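Examination of the molecular architecture
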Amino acid sequence: MSSITIYHNPACGTSRNVLALIRNSGEEPTIVEYLKTPPDQATLTKLIAEMGVSVRSVLREKGTPYAELGLGDPKWSDEQLIDFMLQYPILMNRPIVVTPLGTRLCRPSETVLDILPQPQRGAFSKEDGEAVVGADGRRV
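The written sequence of each chain sets the order in which its residues are numbered from 1. Two thresholds apply to this predicted model, a pLDDT of at least 70 for residue-level local features and 80 or more for giving and counting side-chain atom pairs, whereas whole-chain, interface and lining totals are computed over all residues. Excluded from the side-chain calculation are hydrogens and water; included are all heavy atoms of the structure.

Concerning helix α4 (residues 78-87)
- Only protein chains enter the calculation, and the probe is 1.4 Å; a residue is then buried if its accessible area is under 20% of its type maximum, exposed if over 50%, and partly exposed in between. In this text, helices come from DSSP runs of H or I with a minimum length of four residues, and strands from runs of E with a minimum of two, each type numbered from the N-terminal end. Taken together, the buried positions of α4 are Leu81, Ile82, Phe84 and Met85. Projection of α4 onto a plane perpendicular to its axis shows the buried side chains occupying an angular sector of 155 degrees, all on one side. Of the residues in α4, the exposed ones pointing more than 90 degrees away from the buried face are Glu79 and Gln87.
- Residues count as neighbours in contact if any of their non-hydrogen atoms are within 4.5 Å of one another. Contact partners of the buried residues in α4: α2 (41-51) and α3 (66-69). An arc is given here, and it is the one of the directions from the helix axis to the C-beta atoms.

Right, dumping it as structure tokens:
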């Protein structure tokens, strides 16, 4: 079993870039397609706590029912917001990556480099062509 887990949406370019960066370090992560297999309440609560961020910062607005549910209203408690994410997993911002070095919401995708236990094995460019890692395996 891998020491890295990615909560992944294969339809998301950022998520695909993060997965590719993990693989470029020589690791094959455990991939959780959270839209098909959402985390349970305890897991989602733990991930948010491990990231050290607010529940609201994990909410995705674009392409979700965020606005129609009125989730921008401060009346919603953290527990209620987590319940919405469990009911509508598309509300979870992605990708979330867990490694022995930490848990992060990896936006932008190169954020994952801060928590990968192994260095990059070579050059890497995002899907849009932006170079992220040079031939020497270091961030550009």
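Quick look at the pairing of strand β4 (residues 102-105)
- Sheet topology places strand β3 (residues 96-99) next to β4; 4 bridges connect them, and they run antiparallel. Note on β4: the bridge partner recorded for isoleucine 96 is leucine 105.
- Note on pairing: DSSP must find at least two bridges between two strands before they are called paired. Hairpin geometry of β3 and β4 is characterised by an intervening segment of 2 residues between the two adjacent antiparallel strands.

A word on α2
- Those residues of α2 not exposed but buried are Leu44, Leu47, Ile48 and Met51. Taken down its axis, α2 places every buried residue within 95 degrees of arc, on the same side. Among the exposed residues of α2, those pointing more than 90 degrees away from its buried face are Ala42, Lys46 and Ala49.
- Residues of α2 that are buried make contact with β1 (5-8), α4, β3 and β4.
- Of the residues that open α2, the one with a side-chain oxygen 3.3 Å from the backbone nitrogen of alanine 42 is aspartate 40.
- Where α2 terminates, the next one or two residues include glycine 52, which has phi positive at roughly 70 degrees. Polar contacts here mean pairs of N or O atoms no more than 3.5 Å apart (in protein, one a potential hydrogen donor and the other a potential acceptor; neighbouring residues in sequence count only if both atoms are side-chain atoms).

Things to note about the state of the cysteines
- The disulfide criterion used throughout: a pair of cysteine sulfur atoms within 2.5 Å. Scanning all chains against the criterion turns up 0 disulfides.
- Considering cysteine sulfurs only, cysteine 12 is the nearest to cysteine 106, which forms no disulfide, with 11 Å between them.

A look at the sheet that holds β3
- An order of β2-β1-β3-β4 is seen for the 4 strands of this open sheet, with the pairing classed as mixed. In this open sheet, the two strands that pair with only one neighbour each are β2 (30-33) and β4. In this sheet, neighbouring strand axes are inclined to one another by 15 degrees on average, regardless of whether the strands run parallel or antiparallel.
- Direction of pairing for β1 relative to β3: antiparallel, over a ladder of 3 bridges. Within β3, the residue paired with tyrosine 7 across the bridge is isoleucine 96.
- To obtain each axis, a line is fitted to C-alpha atoms, and for helices this fit is confined to the stretch in contact; angles are then taken between N-to-C directions over 0 to 180 degrees. Its contacts with the sheet put helix α1 (residues 13-24) on β1, β2 and β3, and the angle it makes with β1 is roughly 160 degrees.

A look at the side chain of serine 2
- In this structure, serine 2 sits in the segment before β1.
- Serine 2 gets classed as buried once you look at its relative accessible area, which sits at 19%.
- Here the side chain of serine 2 touches isoleucine 4 through a polar contact of 3.0 Å, landing on its backbone nitrogen.
- With sequence-adjacent residues up to four places away left out, serine 2 is seen in contact with Glu27, Glu28, Pro29 and Thr30.

Considerations on the pattern of salt bridges
- Whenever a carboxyl oxygen of Asp or Glu lies within 4 Å of a side-chain nitrogen of Lys or Arg, that contact is scored as a salt bridge. Tallying each qualifying case throughout the model produces 7 salt bridges.
- Here lysine 126 ties to glutamate 110 by a salt bridge, and the two come within 2.9 Å at their closest N and O atoms. Highlighted residues: lysine 126 in the loop between β5 (124-125) and β6 (131-133) and glutamate 110 in the loop between β4 and β5, separated in sequence by 16 residues. Each of the two residues, lysine 126 as well as glutamate 110, counts as buried.

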